[in-house]
Amino acid sequence: MTVVAEWSAVTKRYGAVTALDRVSLPLMAGEATALVGHNGAGKTTLIKLLLGLIRPDEGSVRVGGTDPAGLSAVQVRRTIGFLPESVAFHGAMTGRELMAFYARLKGAPIRRNAELLERVGIAHAAHRRLATYSKGMRQRLGIAQALIGEPRLLLFDEPTSGLDPASRRDVYEMVDRLRRSGATVLISTHALDEVQQRVDRAAIMHGGRLLAAGTLSELRHGVTAEVRIRLQVRTCSTAAVLARLPPQARCTERSSTELTLLVAPQAKMATLRAIAQAGEVEDLDVTAPGLQELYNHLVGPAQEEGEAP
Ligand SMILES: Nc1ncnc2c1ncn2[C@@H]1O[C@H](COP(=O)(O)OP(=O)(O)OP(=O)(O)O)[C@@H](O)[C@H]1O
C-alpha cells in the first residue's frame, strides 16, 4: 500500500513545551485515519506540519515524498484539502464568493465550485451572505472549500465539533464518499465513539506522544482493554447476581433490572460462567472494547507517568 504522507520521528517544541515527542506515523493511500486525543495532545501540530506551516525540530515530514515546508511548499499545499478546527469566514461574503476566493488561491478552476457546493448540500444558499449561515452550513462550506482542486489528501481538524447529530452524520457520510473515491483522509477528533465506525485506522495521541496506532482490531490486540457486559436480570435480583460474580468484574451501571460490567479479557469467561450459574439473568450482550475504552486504557497509565516527578 502506498504511503501518501508521513511523520518520521518528529519532535516539535514551543519554548519549554514539547508539543510532539518522536512521533512516527504514515497515512496510507485511500484510507481514513482518526487522530484522537484530548486538548493539547498534539493533533493540530501534526496537521500544521503536513501543511508545511511549521517545521519539526527533529525528524522529517513528507507529503507525496516531498518536504511540505521546502522549496515545493506551494505545489505540495495544492495537493492537500484542509478544514481548520474553527471555520471563520467573512460574514459579508456569499458562499459563491468565498469559494471563488479559495479557488483563486489554490489556482483551481472556478467552474467546479457550483458542483462542490451541490456535493455538500448547500448549493441553494450559494448566493446568501455567510452571516446568515448556520454552524452546520459553515462547516459544509468549509468542507467544500477543502475539496477545491480535488485534493487526494484531506485533513479535517475536529470536523464535527459543535454540530448536531444529523449534521455530524452528514459529515461522516461525506468522509465515506471521499474514501470510496480513493482519497486519503485524516480526521482529528475528540469524538471517539462516533468516529470509530468511520475510519480504517486510529492514532492515539496523548501529551505529544503517539501511544498506539493501527486498525481497531490491531489496537485491541495490542492492549488488554476491558470488555463490556450488559445484563438484563429479573426484577430486584441485581444484588443476588452481583454477589455471584468474580471480583474482577466491575459494575459501572446498575438499575433494578440491568447491570453493566467491565471485565478484563482474561476474566471474561469466568464472569460469563458465573452469570450463567446465577440463574437470574434474562439476556446479555458482550461488547469488545471500542476506541473510547482503548483510549482510556492507554491514557490512564500515560497520565500517571506524566504526573510522576
Ligand atoms: N504556537 C504555540 N506556542 C506555544 N505552544 C503551543 C503553540 N501551539 C501549540 N502549543 C502547545 O503544544 C501542545 C500541543 O498543541 P496542539 O494544538 O497541537 O494540541 P491539540 O491536540 O490539537 O489540542 P486541541 O484539541 O485543544 O486543539 C499544547 O500544549 C499547546 O499548548
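Source: prediction; values computed, not measured. (Residues numbered from 1 in each chain as written. Predicted model: local features only at pLDDT ≥ 70, side-chain atom pairs only at ≥ 80, totals over all residues.)

## Details of unusual backbone geometry
Definition in use: Helix numbers and strand numbers start at the N terminus; a helix is a DSSP run of H or I with at least 4 residues, a strand a run of E with at least 2. As a rule, residues whose C-beta atom has 12 or fewer other C-beta atoms within 10 Å are exposed, those with 20 or more are buried, and those in between are partly exposed; C-beta atoms are placed from the backbone.
The backbone phi angle of Ala 9 is positive, close to 45 degrees, even though this residue is not glycine. The residue Ala 9 is located in strand S1 (residues 3–14) in this model. Here Ala 9 falls in the partly exposed class, since 13 other C-beta atoms lie within 10 Å of it. In the Ramachandran plot, Glu 158 falls in the positive-phi region, its phi being about 50 degrees despite a non-glycine side chain. Along the polypeptide, Glu 158 turns up in the loop between strand S6 (153–157) and helix H6 (165–180).

## Examining the site of the ligand
The condition is simple: We call a residue near a molecule or strand if the C-beta atom, set from the backbone, is within 6 Å of it. Under this grouping Gly is polar, as are all residues other than the nonpolar Ala, Val, Leu, Ile, Met, Phe, Trp, Tyr, Cys and Pro and the charged Asp, Glu, Lys and Arg.
All residues in the neighbourhood of the ligand are listed as Tyr 14, Val 17, Ala 19, Gly 37, Asn 39, Gly 40, Ala 41, Gly 42, Lys 43, Thr 44, Thr 45 and Glu 85. Every element with two or more residues in the shell around the ligand is listed here: strand S2 (17–28) and helix H1 (43–50). Tallied by class, the residues present in the shell around the ligand amount to four nonpolar, six polar and two charged.

## Some points on the environment of Asp 193
For clarity, the cut-off: Here, residues touch in the contact sense if the C-beta positions derived from the backbone fall within 7 Å of one another.
Considering the arrangement of structural elements, one finds Asp 193 in helix H7 (residues 192–195). As a C-alpha pair, Asp 193 and Gly 290 span 97 residues in sequence and 7.3 Å in three-dimensional space. When residues no more than four places from it in sequence are discounted, the contact partners of Asp 193 are Gly 290, Leu 291 and Gln 292.

## Observations concerning the pairing of strand S3 (residues 32–36)
What counts, and what does not: Two strands form a pair only when DSSP identifies at least two bridges running between them.
Counting buried positions along S3 yields five of five residues, so the element is predominantly enclosed. Burial of the side chains of S3 extends over both faces: Ala 32, Ala 34 and Val 36 are buried on one face and Thr 33 and Leu 35 on the other. In the sheet, S3 pairs with strand S7 (residues 184–189) via five bridges, with the strands oriented parallel. Note on S7: the bridge partner recorded for Ala 34 is Ile 187.

## Let's talk about the sheet that holds strand S11 (residues 250–254)
Note the cut-off: Interaxial angles span 0 to 180 degrees and are taken between N-to-C directions of axes, which are lines fitted to C-alpha atoms, for helices over the stretch in contact.
The strand order across the open sheet formed by four strands is S11-S12-S10-S13, and the pairing between neighbours is antiparallel. The outermost strands of the open sheet, each flanked by one partner alone, are S11 and strand S13 (281–287). Averaged over all adjacent pairs, the angle separating strand axes in this sheet is 20 degrees, with direction ignored. Sheet analysis places S11 next to strand S12 (residues 258–263), joined by four bridges and oriented antiparallel. In the sheet register, Cys 251 faces S12, and the bridge partner there is Leu 261.

## Some thoughts on the domain arrangement of the protein
The test is simple: Start and end positions for the domains come from either an automated domain assignment or a database one.
Looking at the protein, the domain boundaries give domain 1 (3–221) and domain 2 (226–288). Between the C-alpha centres of domain 1 and domain 2 the distance comes to 41 Å.

## Some remarks on the sheet that holds S6
Pairing is mixed in the open sheet, where six strands are placed in the order S5-S6-S7-S3-S8-S9. Two strands lie at the open edges of the sheet, namely strand S5 (80–83) and strand S9 (209–214), each paired on one side alone. With strand direction ignored, the average angle separating the axes of adjacent strands in the sheet is 15 degrees. Sheet topology places S6 next to S7; five bridges connect them, and they run parallel. What sits directly across from Phe 156, in S7, is Ile 187. Along the sheet, H1 contacts S3, S5, S6, S7 and strand S8 (201–206); its crossing angle with S6, the most-contacted strand, is approximately 150 degrees. Across the face of the sheet, H6 comes into contact with S3, S6 and S7 while running at roughly 150 degrees to S7.

## Notes on the packing of helix H3 (residues 95–106) against helix H5 (residues 135–147)
To keep it simple, the criterion reads: For classification purposes, an angle smaller than 35 degrees is called roughly parallel, one larger than 145 roughly antiparallel, one from 65 to 115 roughly perpendicular, and anything else oblique. Each crossing is labelled by how the near helix is turned from the far one, with a counterclockwise turn of less than a right angle marking it left-handed and a clockwise turn marking it right-handed.
For the pair H3 and H5, interaxial distance at closest approach is 10 Å and the crossing angle is 30 degrees. Comparing their axes, H5 and H3 come out roughly parallel. As for the relative orientation of H3 and H5, their crossing is right-handed in sense. Contacts between H3 and H5 pair Gly 95, Leu 98, Met 99 and Tyr 102 from the former with Leu 141, Ala 144 and Gln 145 from the latter.

## Section: the nonpolar core
Where a protein is soluble and globular, its nonpolar side chains tend to be buried together. What counts, and what does not: Structurally, a nonpolar core is described as a collection of buried Ala, Val, Leu, Ile, Met, Phe, Trp, Tyr and Cys residues joined by way of C-beta atoms within 7 Å.
Leu 50, Leu 155, Val 185 and Ile 187 are the most contacted members of the largest nonpolar core, which has 63 residues in total. Looking at this core, the element that brings in the most residues is H5, giving five residues. The next biggest cluster of nonpolar side chains, apart from the first, holds 11 residues, and it includes Val 227, Val 233, Leu 245 and Ile 275.

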